[in-house]
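Spelled out from the first residue to the last, the chains are:
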Amino acid sequence: MLEIHRLTSREAFFAPEIDRLRAEWAADDARTAASLDGADALDGDCALCAQPTRFALVGGAEPNWRESQTCAHCGLISRVRFAFQLADLRALRRGGAIYLTEQTTPAYFWLLKAGFDATGSEYVEDPARREMLSDYIRTMTGGLERRLRHEDVTRLGFPDARFDRLFSFDVLEHVPDHRAALREFARVLRPGGLAIVTVPFDVNASASLRRASIGPDGRVVHHVEPEYHGDPVADAGCLAFHTFSWDLLEDFRAAGFDAVELALGRDARGGLRGLQLAIVASRRAR
Ligand SMILES: [Zn+2]
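As the structure is a prediction and not an experimental result, all values here were calculated from the model.

About the criteria used
Sequence order sets the numbering: in each chain, residues are counted from 1 along the sequence as written. Local features in this predicted model are restricted to residues whose pLDDT is 70 or higher, and side-chain atom pairs enter the listing and the counts only when it is 80 or higher, whereas totals over whole chains, interfaces and linings include all residues. In this scheme, strands are said to pair when DSSP sees at least two bridges between them. Secondary structure elements follow DSSP: runs of H or I of four or more residues count as helices, runs of E of two or more count as strands, with numbering from the N terminus. For every element, the axis is a line fit to its C-alpha atoms; helices are fit only across the contacting stretch, and the angle between N-to-C directions ranges from 0 to 180 degrees. Angular relationships are summarised with four words: roughly parallel below 35 degrees, roughly antiparallel beyond 145, roughly perpendicular across 65 to 115, and oblique for the angles in between. Working rule for handedness: look at the near helix, and if it is turned counterclockwise from the far one by less than a right angle, call the crossing left-handed; if clockwise, right-handed. Two residues form a contact once the distance between their C-beta atoms, set from the backbone, is within 7 Å. Note on terminology: a nonpolar core is a set of buried residues of type Ala, Val, Leu, Ile, Met, Phe, Trp, Tyr or Cys, with members joined through C-beta atoms within 7 Å. Neighbour counting defines burial: a residue surrounded by 20 or more other C-beta atoms within 10 Å of its own C-beta is buried, one with 12 or fewer is exposed, and intermediate counts give partly exposed, using backbone-placed C-beta atoms.

### Side note on the sheet that holds strand 3 (residues 51-56)
Here is step 1: On the basis of which strands lie adjacent, the open sheet formed by 3 strands has the order 2-3-4 and antiparallel pairing. This sheet does not close on itself; its edge strands, each paired only once, are strand 2 (41-46) and strand 4 (70-71).
Here is step 2: Where strand 3 meets strand 4, 2 bridges bridge the pair, whose relative direction is antiparallel. Each bridged residue has a counterpart across the sheet, and for Ala56 the counterpart in strand 4 is Thr70.

### Observations regarding the packing of helix 7 (residues 178-188) against helix 8 (residues 247-255)
Working note: a packed helix pair is described by the angle between its axes plus the distance between those axes.
Here is step 1: Packing of helix 7 against helix 8 leaves a shortest axis separation of 8 Å and a crossing angle of 50°. It follows that helix 7 is oblique to helix 8 by the angle criterion. For the crossing formed where helix 7 meets helix 8, the hand is right-handed. On helix 8, the residues touching His178, Arg179, Leu182, Arg183 and Ala186 of helix 7 are Asp251, Phe252 and Ala255.

### Description of the sheet that holds strand 16 (residues 272-283)
Here is step 1: In space, the 7 strands of this open sheet follow the order 1-15-16-8-7-5-6, with mixed pairing throughout. Here the strands that pair on one side only, and so sit at the sheet edges, are strand 1 (3-7) and strand 6 (117-120). Mean inter-strand twist for the sheet, computed between neighbouring axes without regard to direction, equals 20°.
Here is step 2: As paired elements, strand 5 (residues 97-100) and strand 7 (residues 163-169) share 3 bridges and run parallel to each other. Following the sheet pairing, Ile98 is matched in strand 7 by Arg165.
Here is step 3: In this fold helix 8 packs onto strand 15 (257-267) and strand 16, with an angle of close to 140° to the strand it touches most, strand 15.

### Regarding the nonpolar core
Here is step 1: Counting residues in each nonpolar core, the largest one holds 60 residues, and the members touching the most others are Ala83, Ala195, Ile196, Phe252 and Ile279.
Here is step 2: Per-element accounting of this core gives the leading share, 6 residues, to helix 5 (residues 106-113).

### A short note on unusual backbone geometry
Note: most peptide bonds trans; most residues except glycine with negative phi.
Here is step 1: One non-glycine residue, Asp88, lies in the positive phi region at around 50°.
Here is step 2: By the secondary structure assignment, Asp88 is in the loop between helix 3 (78-86) and helix 4 (89-92).

### Some details on the pairing of strand 15
Here is step 1: The buried count for strand 15 comes to 8 of 11 residues, which makes it a mostly enclosed element.
Here is step 2: Sheet topology places strand 1 next to strand 15; 5 bridges connect them, and they run antiparallel. Bridging from a neighbouring strand, Ile4 pairs with Gly265 of strand 15.
Here is step 3: Relative to strand 16, strand 15 runs antiparallel, the two sharing 8 bridges. Among the inter-strand pairings, Phe257 is bridged to a residue of strand 16, identified as Arg283.

### Details of the environment of Gly120
Here is step 1: The residue Gly120 is located in strand 6 in this model.
Here is step 2: Here Gly120 falls in the buried class, since 23 other C-beta atoms lie within 10 Å of it.
Here is step 3: Leaving out residues up to four positions away in the same chain, Gly120 has contacts with Leu100, Glu102, Gln103, Tyr108 and Arg149.

Encoded structure:
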C-alpha cells in the first residue's frame, strides 16, 4: 500500500513525525539489505502491473533503491513507478493527454503500450542521430511511434494548454535555464493539469547549487567539480548544471504552478523503498 506524505517546505520534511518515519524506513531498508545475502531482487507486488513481481536491485549489499527496484514485468525503476502512481493515471484513461520529456526509454514505451495518449521528446540536435534513434523507437514500440521528436524544453513546440499531465524524470538538472523550462511546462499544461517531476534533490541544503552555467560566449562555465549523468541518447553523459534543493519549489510557483509539493512515498512491498521523492505541481487556473 502506497503511503504518501505531501510536503511543501524544508521545515515540514524535518518535522519530528517525518524524521521518525524516515528513520524507521531507513532501518527497515538496512535490515532488508542485510538479509539479501547475495540476492539481487526482492519479491513484491507492482501497483502499475497489478500483479506479483520481482524487483531487481543494483548496488549489491548497498542497493541503489532510487535507480533500481526494477519491476520484472513493466521494466520500470522505482522513481518512475512512483511518479506514475502519483499522477492518478486511471482518471486519464478516459482521454487525457500526457507529455513526457523522454521518448527512447522504458517509461515512454510503457505509456504507449498501456494505451495512453502520450507524446514524448528528446533533445537531440544531430539529424543523423535522430534518424538512428527513430529506428530504435520504431523497433521498441512495434511501429506505434514513427519518429524521434526533438524538443528544447525551454522552447516547446506545443500549443498552450495541450496536456493534462507532464512527466519529467531527471532532466531539469541538465537544463541551464531551468526556470524557462518550468514556464514552458506551465504553458503547455491545462489549468489544473499536473506536472510530476523528479530531479536529484538535496533535502539537507538550504539552497540549490549552481554547478555550471553558460557564459556570454556560449561556453560552459563550471563553478564546481563537473558532474555528468548517464544519458540514454548521449554516450558522453550529460552535464548537471544544478543540484536542486527546496528553492526549486519556489521556482515552480513563480512559473505558474500552485499547490507545489514534494511528495515523499513509501511502499516496501510495492518496490518503493529508499527515499522516494517527486515534485507534484498543479497548473494554476488562468
Ligand atoms: Zn510493474
